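# Residue-level structure breakdown
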Amino acid sequence: TALSRTSGCTNHTALQLLLGLPYRESKAAELRSLDSSPNPGMTPEQLEERFQALGCEMALLEAEAALLQADFDMLDSYRRDPQCRVPVKGPGGQARMVDPTWEKARTSRGEEVARPVVRLELQGRPLVITRINPESKSTSVLLRPRAGWGALRDYLSGMEDVRGGAARKQRWEVFICTTAEKEYALEAWRLLDPEASLFPHAELASKRMLCVPHPQKKDLLNVLRWEQVHAQMLAEPQGQSLMVTDEMRASKPELDTAAMSVIIDDRADVWEEASRKALLQVMPFHPHKEAAALDMGAGSAPAAEYTAARDSEGELQRVVSTLRELRSKFYAELDLNIKPEAARLVSTGILEQYQALPLEILSPFTPMSQLLASSSFPPPAALGQTEREDRASDLRLLANDSTMLTSAAAAAAAWPAGAEKAAADTGAAGRGAS
């Protein structure tokens, strides 16, 4: 009985008996292991508490499955309907069909296409359905932007000033680095920023978005140099790559644009080691699980899941606050230290050969990576690949092989939550605007 109840010991003991190895010492060790078992027994109260916890977890999974099924039903109707319509239930439970809006977009090759797009907001949560290739039903995609994305976009672009009646001032330049397939990534970003407030959509493929094939790591310097690399690739398709190498990084380890940059992503392992010091790591986004926990409420949902959902709901607002803090500190140092020194050098005269090398003659400024390390941004409660991320992975594949069920957030947070794990590894790099 002791042997059968001791994890991992039975087969080892049987092998000892077959080989004629000492048995008494082994048995004593296994009995000691049994005595120190972390679960020697459970009282009725403990069993009842565990049973109730499992009931809450099962209820959460059922609620999440219902939300996934509802999204799948809408996506499946969109995919099958000749007019790409989507059924939506009204207050009385009666379903009405919502027609798509045909929106113009551009492919990675610069070709103009018209895509059927359905934009909805159900129970205060927005969703978008589109078709990457208008001629192929199998490329139908459902996306769910993360709460707070609109506020983050308005801060980055300066549109919050306009909405407040002031003149617009863009505070950061935005770049996207993703392991997602390029046509999908281009359309997802167009839907996230339909007014092109962060940069013109025409700049996406050639200047702003770098798609990195898995398992290659993302690199901040490659993101910032993508315009130069892309132009070289067009001019010399067979030419030598201009992507940053370890040798190039060693010869010039710190570039001014990289020192002024912040990476927003929910994973660190997808970035090169040299880039991670600039990473503002956020909580992963799981739209269906979080919505299920919030709908159940604090008294019904598992406490940890409900707390995580509440934290995730405000995650992008915390990103905005942190970016404000970083930018304020950076430009305060610029005004107090670097500008006066630059003015002194100009007034006293500066050799012509040094004029193009300001960083080599001015006092070095504190890079964003150091400011980030001392910022007030709270570390997320759960990062990377966790059981919480993967527990409903089977449910996320409700769509059949010819249909992708995805969920989108800001490039800063997380993009799809369903179809491909690789598509979830999206990051955005921001460079401080002057």
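Above this text you will find the structure in question.
On a predicted model such as this, the values are computed, not experimentally measured, just so you know.

## A word on the overall build of the protein chain
Across its full length, the protein chain holds 18 helices and eleven strands. When the 434 residues of the protein chain are sorted by exposure, 45% land in the buried category. Long-range pairs, those at least 24 residues apart, make up 62% of the contacts in the protein chain with a sequence separation of at least 6. Split by element, the accessible area of the protein chain, about 22900 Å² in all, is 54% carbon and sulfur.

## Section: the layout of surface pockets
Here the largest pocket defines a volume of roughly 970 Å³. Along the wall of the largest pocket there are 39 residues; nearest its centre are Leu 122, Arg 125, Pro 126, Leu 127 and Arg 144. Secondary-structure elements contributing two or more residues to the lining of the largest pocket are helix H4 (44-80), strand S1 (86-89), strand S4 (112-122), strand S5 (125-131), helix H5 (149-157), helix H7 (182-192), helix H13 (287-296) and helix H14 (303-313). Element by element, the count of residues in the lining of the largest pocket is highest for H13, at six residues. Looking at the lining of the largest pocket, its residues break down into 22 nonpolar, six polar and eleven charged.

## Focus: the sheet that holds strand S3 (residues 101-106)
Paired through their backbone hydrogen bonds, the strands of a sheet run either parallel or antiparallel. The strand order S3-S4-S5-S6 describes an open sheet built from four strands, whose pairing is antiparallel. The sheet is open, and its two borders are formed by S3 and strand S6 (140-143), each paired with just one other strand. Across the sheet, the mean angle separating the axes of adjacent strands is 30 degrees when strand polarity is ignored. Sheet topology note: the S4/S5 ladder contains five bridges and is antiparallel. From the neighbouring strand, Glu 121 faces S5, where its bridge partner is Pro 126.

## Here's the deal with the pairing of S5
Among the seven residues that make up S5, five are buried, leaving the element largely enclosed by the rest of the structure. Here S4 folds back onto S5, and the loop between the two strands holds two residues, one of which, Gln 123, carries a positive phi near 55 degrees. When S5 meets S6, the two strands line up antiparallel, connected through four bridges. Among the inter-strand pairings, Thr 130 is bridged to a residue of S6, identified as Val 141.

## Description of the environment of Leu 224
Structurally, the position occupied by Leu 224 is in helix H9 (residues 220-224). Put simply, Leu 224 and Arg 208 are 16 residues apart on the chain and 8.2 Å apart in space, counted from C-alpha to C-alpha.

## A few points about the pairing of S1
The side-chain alternation of S1 yields one buried face, formed by Val 86 and Val 88, and one unburied face, formed by Pro 87 and Lys 89. The turn linking S1 back onto strand S2 (residues 95-98) is made up of five residues, and Gly 93 within it adopts a positive phi angle of 90 degrees.

## Section: the environment of Phe 330
By the element assignment, Phe 330 lies in helix H15 (residues 315-348). A relative accessible area of 5% means that Phe 330 is categorised as buried.

## Topic: the nonpolar core
One finds Leu 152, Leu 156, Trp 189, Leu 280, Val 319 and Leu 323 to be the most contacted residues of the largest nonpolar core, which totals 41 residues. Of all the secondary-structure elements, those providing two or more residues to this core are S6, H5, strand S7 (172-178), H7, helix H8 (204-208), strand S9 (261-265), H15 and helix H17 (368-373). Not counting residues within four places of it along the chain, the set of residues in contact with Val 319 comprises Leu 152, Ile 264, Leu 280, Val 282 and Phe 377. In this structure, Leu 210, Ile 263, Val 270 and Ala 278 belong to the second largest nonpolar core, which totals 14 residues.

## Describing H5
Each α-helix winds once per 3.6 residues, and so residues spaced three or four apart point in a common direction. The element H5 is largely enclosed, with a buried count of seven among its nine residues. Directly beyond the C-terminal end of H5, a positive phi value near 85 degrees is found at Gly 158.

## Some words on H7
Burial of H7 is extensive: ten of the eleven residues sit out of reach of the surface. Listed as buried for H7 are Glu 183, Tyr 184, Ala 185, Leu 186, Glu 187, Ala 188, Trp 189, Arg 190, Leu 191 and Leu 192. Its side-chain oxygen at 3.2 Å from the backbone nitrogen of Glu 183, Glu 181 defines the N-terminal cap of H7.

## A closer look at the packing of H13 against H14
Viewed as axis vectors pointing N to C, H13 and H14 meet at an angle of 110 degrees, and their least axial separation amounts to 8 Å. In terms of orientation, H13 and H14 fall into the roughly perpendicular class. Note on packing geometry: the crossing formed by H13 with H14 is left-handed. When H13 is examined against H14, the residues Lys 289, Glu 290, Ala 293 and Leu 294 are found in contact with a partner set consisting of Glu 305, Tyr 306, Ala 309, Arg 310, Ser 312 and Glu 313. Taken together, the residues of the contact of H13 with H14 sort by class into four nonpolar, one polar and five charged.

About the cut-offs
- Residues numbered from 1 in each chain as written.
- Predicted model: local features only at pLDDT ≥ 70, side-chain atom pairs only at ≥ 80, totals over all residues.
- Heavy atoms only, no water.
- Helix = DSSP H or I, 4+ residues; strand = E, 2+ residues; numbered from the N terminus.
- Buried < 20%, exposed > 50% of the residue type's maximum accessible area, 1.4 Å probe, protein only.
- Contact = heavy atoms within 4.5 Å.
- Areas by Shrake-Rupley, 256 points an atom, 1.4 Å probe, with all protein chains shown as cover.
- 1 Å grid on protein atoms, 1.4 Å probe; cavity = no way out; pocket = protein on both sides within 12 Å on 5 of 7 lines; lining within 4 Å.
- Points joined across faces, edges and corners; volume = space filled by probe spheres on them.
- Nonpolar A, V, L, I, M, F, W, Y, C, P; charged D, E, K, R; others polar.
- Pairing = 2+ DSSP bridges.
- Axes fitted to C-alpha atoms, helices over the stretch in contact; angles between N-to-C directions.
- Core = buried A, V, L, I, M, F, W, Y, C linked by side-chain atoms within 4.5 Å.
- Polar contact = N/O pair within 3.5 Å; in protein donor to acceptor, adjacent residues only side chain to side chain.
- Parallel < 35°, antiparallel > 145°, perpendicular 65-115°, else oblique.
- Left-handed = near helix turned anticlockwise from the far one by under 90°.

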